[in-house]
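Here is how the chains run, residue by residue.
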Amino acid sequence: MADNPRQDLYLEISRNLVDQELTDLRNYVSGAKILPARFVQHADAHQICNQLEKEQKLKPGDLSLLADLLRKIGRHDYAEQAKQIAEDERKGSPQPSTSQQKRKGEDGEELPRKKKPAADGQEDAPVPIGAAETSSLTDVFQTSVKKYYELKLSHFKPLVWNDNFTLDLSDIFTQLELMPKSEKQLKTTTKSKRSESDKEKLSKELKSLDDLFDPDVTGLSTAPRCILIEGEAGGGKTTFLSKEALDAVSLKTELGRRHSTVLFIRLREVREGETIEEMVWDQCVPKRTGVTIESIETMLETNESRVLFLLDGYDELRPEARAAGQAIPILLSGKVYPNSTIVITSRPSAGVQQHTRPDCHVNIMGFSRTHVWTYMQQYFTAVGKQELTKNLVVHVNGNELLNNLIQTPIFLMLVCLLWEEDQEMVSTGTVTGLYENLLTCLVRKYCKREGVDMPTEGLPTEVAESLLQLGKLALEALLRNETLLDLTEVEKVKVNWELLLKLGVVSLEVSSSKLHPRKQLNFSHKTMQEFLAGRYVAHALVNQDIVELLQLTSITKALELSNLLQFTCGCDSRAAQAVMEELSNLSKKEFSHLQTYDFQAESLIKENPHLPVKQQVKKSVKTYKRFVLLCLDVLHERKEPDVLQAVSRALPVIIMDLHRHMYRKQHAALKYYFKNIQSSGLPDRMILESYHVSEALQYLEQIVPSPIPGLKVDLRLNSVIFDSPVPDETVQHLQQCLPGLRVDLTPLQQFDSPDETARLVSVLKNVPGLRALDLSDRHLTPSSLQPLVQGFRHMSLLEELDLFGNDDLGDAGMEVLQVGLSSVPHLAVLRLGSVRMTAVGMSSLAPYMRHLVGLRVLDIRGNMIGDTGLESLTTILPIFTAMQVLVLYRIGISPTGMRTLVPALCQLTRLIKLDISENAIGDPGLECLAAILHHLTAMKVLLLSRTGISDRGISSLIKALPHPVQLQVLDVSDNNYIWYSGIVSLVQTLCQPSSLDMEQNPPGDKSLTTAPHCNTTLQELDIGDNSGVTGAGRVRVAQLISALPALTRLDMSARWYSRAHLSNTAAMAMAEALPRLPALEELYLLCISMEPAGFQAVVQAAEEHPTLERLRYSRHGVPEGADTTASCLDLR
């Protein structure tokens, strides 16, 4: 924080330690096991100091450990400063707090600051805020918070209509299951053998947040700063976080033991302009405790590393409070209280990642079967009807759809409630049906209680009208992203809110906010608000347009309203058709640019690894996957032929994770889809992902009960766990019903013994449609490869084989492999990178590759086969006329080898990617290649990094560049002898329109307003690490590149030992060039220094750029005192 003497000292130490002193500091800290070595070895002095403080090894008033460390490395000057700061802290010398500084947001404007209002008409008695009183202030605060949480959070009433039904938080939600959002979050090394426990961590759920502080689980070297917890509606996020708050203040969890100040903040109560300190005062402490906003600020700054923010419901945060410069986005970004810890909950994809990159990303998965049984027992015990438990369990087990629903806590509670009242009402298999029956149940209770006649069909008139009025208010609030209704506003529209209270669909409460006190109506759950709004929308669609009513103008808006749309569709068939027709229209409008291979690009064994994928495409694919789930949710709520047809029109590709238990409803909808879809409505492709072989194949057997001609299914089995054999009947069924099945398989375990590989083969031979096998980095040896090669005869359809990184194979392994190649005649992708093959191995393998006439991708990178081995390869290369990708990275090619290679390359006219990086081909080698580029007109990716070329070679390349008219990627980086003139000439040539552009838009063509005067194909250009390119050269390049409008990635870094400097003028020119690159996503300026004004201009231009997501810059090149908080800035 500002003017924090400790932080000032840490920064000064970090900036001024020489390399040897930093090395000595790391050695002392790790050698004495003060901090983990894996953290220390990559940390700078500032990070080490902050971590020591976070782990309570540098306590307030005690910096003796830091002083000792500094003396050991010979920095007695800093040791004395540390000693003085600690003494000042003990004496209580007041330090300026950030309340005495101007608060500035991302836009440079002063942040909103409010004075604490009087509570109950009186001013609270302020607690002294001098440093001498910090300890007592913290004690007062922590005591009041603990008591407040115990009072407010320990018990809750899940049924607002039943005051007698109160539940203890710890009895119900202690076993909610959490799961890593991505398998990549788990620590997975490619060079060490994975243990059985690693497999269990991958396949099982986290049991508590404590697991996230285990480096073996997260792979993090330090404790996470930000933990994002996502869960679907009704999954128990708020209840879970409430339990975490209680357990933390009671020191029952690792979060509680690591943090002395626990702050539980409901984001739906946060208003525009509130500061963090005001939120804490407003929500975390009771009235009349003597704690002021100013004292809170002092306490947070003093104990920052021990502060835990528990932020509940980012999806309920008002839009205006999410804007740049508001307190919550600033807190998430780390611009304030950067050493605190944050746990934040949200519905999926609500936008948290716009402000921070969470260290850990987990999902609340709902209840397991065991948890369901436990909850049922607890519920019926609480209401005194234990005998109902067994009958409900039997009923649920016989109802697959209901069985899916009850694994979400809120829905299980509703099922228990309905079972208690009327067992006939629990036959529904949809969420809408469940809520409709609940509403009927509540109305019946009301009618019986109030003596009102309950009609046979429908609801009493007054009740029905009041519910529709409430639904309209619920909808309006949802569109404002609010969940509470101001009673004053409700009364203005003359809604009978007292009747609604008696029904139990809302409760009357006084806001817990001391800053914004008001009476308000609170829905029993946000899903109840969405259901009532959906009822109203289904009713209103008779006379209104869906787009106008819901402001449904984009896919993003549809996803924000996904629950509302599901309820709307579940309430009425016509509404469902109207919603799906509009969703189909939006799908065609927003996803028309996506191709099938864009979805395949996410596969671990990629179909097109050679082409760059734009960030916009990646984002669109991610959005599309969520859209698929929404459409299947709608189908689940309304299983009707017309809705099915609309869903099929909206989804040209279906992609889904089978191992995500949260997708149970969608799985059920998918079964209905394939049971009833006509062949004319089939998707172009269906992509399913899982890591259980047998489970996934049996699931396919269930959803495709009979042959579906023309159905193409890609099953991606990643990090596979071989749980059980695939039943023979499943294999036979899929062979008959799904001839279009393609299976891509990547095992999790290592295979360094023949027995392990033989076990793998026993499973693979029963995998129908196996097309791709990824065994990269699996510790294969020649002996363990033997059973696999023998098993190839059971995998005759295999198209892709990846053995990359198995460096124990060597030439002996190639001799084993060559015998089996005849058994896989359809092989189109062969990756043999880094297997320690030499010229001997290449010469023995090459003759056995002759029959692989369909080979499209060959990757032998990192094998030093030299010119001799290359000569063996070139004898067969012309056979591979379908070749698209040839990777010869670092295989020991010389100019002589290039002269041997280029005649063979001439035959590969379909070649799209050629990588000859890190081969010393020099200018003669590049000249040979340039001379035949006119044969390679399909070339899109050409990689020439570290090839020893100079301006002479570049000159030959420039002459040949007009021929590869589709060139998208060019890399000439890290060549010591390319100078200013060579790079500038190259860029000038690249900036000319390609012949393809000129063909499509000739200069005299008047059909277009403006003909292109630029290269519209080049997407990635790497000219970095060329020591001959000066700062002036980079400026000239910056001035030229505006003629590359398709450019997404540009690397102009300097070499680490010849660092370049950009003057303010040069940096300003670069900043001015960035807006003229409309598609730029990544800019690399490593090992470059700038002056403060120039640096700020470049960073600001990058931050304001609409598509640029990463500006990679060297930490040592940052001007002293420069602002480095820009979200796009990636310091290395």
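Predicted model only: the values in this text are computed from it and were never measured.

Chemist: Give a description of the overall build of the protein that names residues and reports values.
Modeler: Secondary structure assignment for the protein yields 48 helices and 30 strands. Across the 1132 residues of the protein, 58% fall into the buried class. Taking all contacts inside the protein whose residues are at least 6 apart in sequence as the whole, residues at least 24 apart take part in 79%. Only carbon and sulfur atoms are counted for the fraction: they give 48% of the accessible area of the protein, which is about 45400 Å².

Chemist: Account for the sheet that holds strand E9 (residues 484-486), with residues named and values stated.
Modeler: Backbone-to-backbone hydrogen bonds pair the strands of a sheet. The strands run either parallel or antiparallel. Taking strand neighbours across the sheet as the criterion, the 3 strands line up as E9-E11-E10 in an open arrangement whose pairing is antiparallel. Looking at which strands have only one partner, the edges of the open sheet turn out to be E9 and strand E10 (506-510). When the angles between neighbouring strand axes are averaged without regard to direction, this sheet yields 30°. Sheet topology note: the E9/strand E11 (residues 519-523) ladder contains 3 bridges and is antiparallel. Within E11, the position partnered with Leu485 by the bridge is Leu521.

Chemist: Now, about the environment of Arg15: what can you tell me, with residues and values included?
Modeler: Residue placement: Arg15 occurs in helix H1 (residues 5-16). The spatial distance from the C-alpha of Arg15 to the C-alpha of His46 is 8.6 Å, given a sequence separation of 31 residues. With residues near it in sequence (within four places) discarded, Arg15 still touches Glu1120 and Gly1121.

Chemist: Please set out helix H14 (residues 293-302) residue by residue, giving values where relevant.
Modeler: Counted residue by residue, H14 has 8 buried out of 10 residues, so it is predominantly covered. Taken together, the buried positions of H14 are Ile293, Ser295, Ile296, Glu297, Thr298, Met299, Leu300 and Glu301.

Chemist: How would you summarise helix H28 (residues 562-571) if you had to cite specific residues and measurements?
Modeler: A large share of H28 lies buried, amounting to 9 of its 10 residues. Among all positions of H28, only Ser562, Asn563, Leu564, Leu565, Gln566, Phe567, Thr568, Cys569 and Gly570 are buried.

Chemist: Give a description of the nonpolar core that names residues and reports values.
Modeler: Core analysis: the biggest nonpolar cluster contains 268 residues, and Met849 and Leu957 have the highest contact counts within it. At 11 residues, the largest contribution of residues to this core is made by helix H31 (residues 615-637). Those residues within four positions of Leu957 in sequence are excluded, and the remaining contacts are Leu926, Ala930, Leu933, Leu942, Leu944, Leu970, Val972 and Leu986. Formed by 58 residues, the second largest nonpolar core is a distinct cluster that contains Leu246, Leu263, Leu300 and Leu311.

Chemist: Which residues make up a nonpolar patch on the surface, and what values go with them?
Modeler: Together, Tyr977, Trp979 and Tyr980 line one region of the surface with nonpolar side chains, adding up to about 360 Å² of accessible area. When you line up the elements, Trp979 lands in the loop between strand E23 (969-971) and helix H44 (980-990).

Chemist: Outline unusual backbone geometry, listing residues and values.
Modeler: For Asp777, which is not a glycine, the phi torsion comes out positive at approximately 55°. On the secondary structure map, Asp777 appears in the loop between strand E16 (770-774) and helix H37 (782-791). Overall, the relative accessible area of 11% leaves Asp777 in the buried class. Of note, Asp974 is a non-glycine position whose phi angle comes to about 60°, a positive value. Looking at the secondary structure, you find Asp974 in the loop between E23 and H44.

Chemist: Give a description of the packing of aromatic side chains that names residues and reports values.
Modeler: Aromatic rings considered in pairs are described by the distance between their centres and by the relative angle of their planes. The final tally for this structure, using the stated rule, is 11 aromatic pairs. Ring geometry for Tyr379 and Phe380: centres 5.1 Å apart, planes at 85°, overall edge-to-face. The class for Tyr379 is buried, based on a relative accessible area of 2%.

Chemist: Explain the pattern of salt bridges to me, and be specific about the residues and the numbers.
Modeler: Applying the stated rule across the entire model yields 41 salt bridges. The partner of Arg347 in a salt bridge is Asp315, with the nearest N and O atoms 4.0 Å apart. Separated by 32 residues along the polypeptide, Arg347 in the loop between strand E7 (341-346) and strand E8 (360-366) and Asp315 in the loop between strand E6 (307-312) and helix H15 (319-322) bring together distant segments of the chain. Asp315 matches Arg347 in its accessibility class, with the two residues each being buried. For Glu918, the salt bridge identified is with Arg946, shortest N-O distance 3.5 Å. Of this pair, Glu918 sits in the loop between strand E21 (913-915) and helix H42 (922-932) while Arg946 sits in the loop between strand E22 (941-943) and helix H43 (951-960), and the two are 28 residues apart along the sequence.

Chemist: Describe the side chain of Arg1055, listing the residues and the values that go with them.
Modeler: Of note, Arg1055 is situated in the loop between strand E25 (1049-1051) and strand E26 (1060-1062). One polar contact links the side chain of Arg1055 to the main-chain carbonyl oxygen of Asp1025, over a distance of 3.0 Å. Non-local contacts of Arg1055, meaning those with residues more than four positions away in its chain, are made with Asp974, Asn976, Asp1025, Asn1026, Ser1027 and Cys1087.

Chemist: Can you explain the side chain of Gln818? Please cite residues and give values.
Modeler: Assignment of secondary structure puts Gln818 in helix H38 (residues 810-820). The class for Gln818 is buried, based on a relative accessible area of 10%. Sequence-distant contacts of Gln818, that is, excluding residues within four places in its chain, are made with Ser844, Leu845 and Tyr848.

Criteria and cut-off values
Residues numbered from 1 in each chain as written. Predicted model: local features only at pLDDT ≥ 70, side-chain atom pairs only at ≥ 80, totals over all residues. Heavy atoms only, no water. Helix = DSSP H or I, 4+ residues; strand = E, 2+ residues; numbered from the N terminus. Buried < 20%, exposed > 50% of the residue type's maximum accessible area, 1.4 Å probe, protein only. Contact = heavy atoms within 4.5 Å. Areas by Shrake-Rupley, 256 points an atom, 1.4 Å probe, with all protein chains shown as cover. Pairing = 2+ DSSP bridges. Axes fitted to C-alpha atoms, helices over the stretch in contact; angles between N-to-C directions. Core = buried A, V, L, I, M, F, W, Y, C linked by side-chain atoms within 4.5 Å. Patch = residues over 30% accessible without salt bridge, like charges linked within 9 Å, V, L, I, M, F, W, Y side chains within 5 Å. Salt bridge = Lys/Arg side-chain N within 4 Å of Asp/Glu carboxyl O. Phe/Tyr/Trp six-rings, centres within 6.5 Å; stacked < 30°, edge-to-face > 60°. Polar contact = N/O pair within 3.5 Å; in protein donor to acceptor, adjacent residues only side chain to side chain.

Shape is all these values report; function is a separate question.
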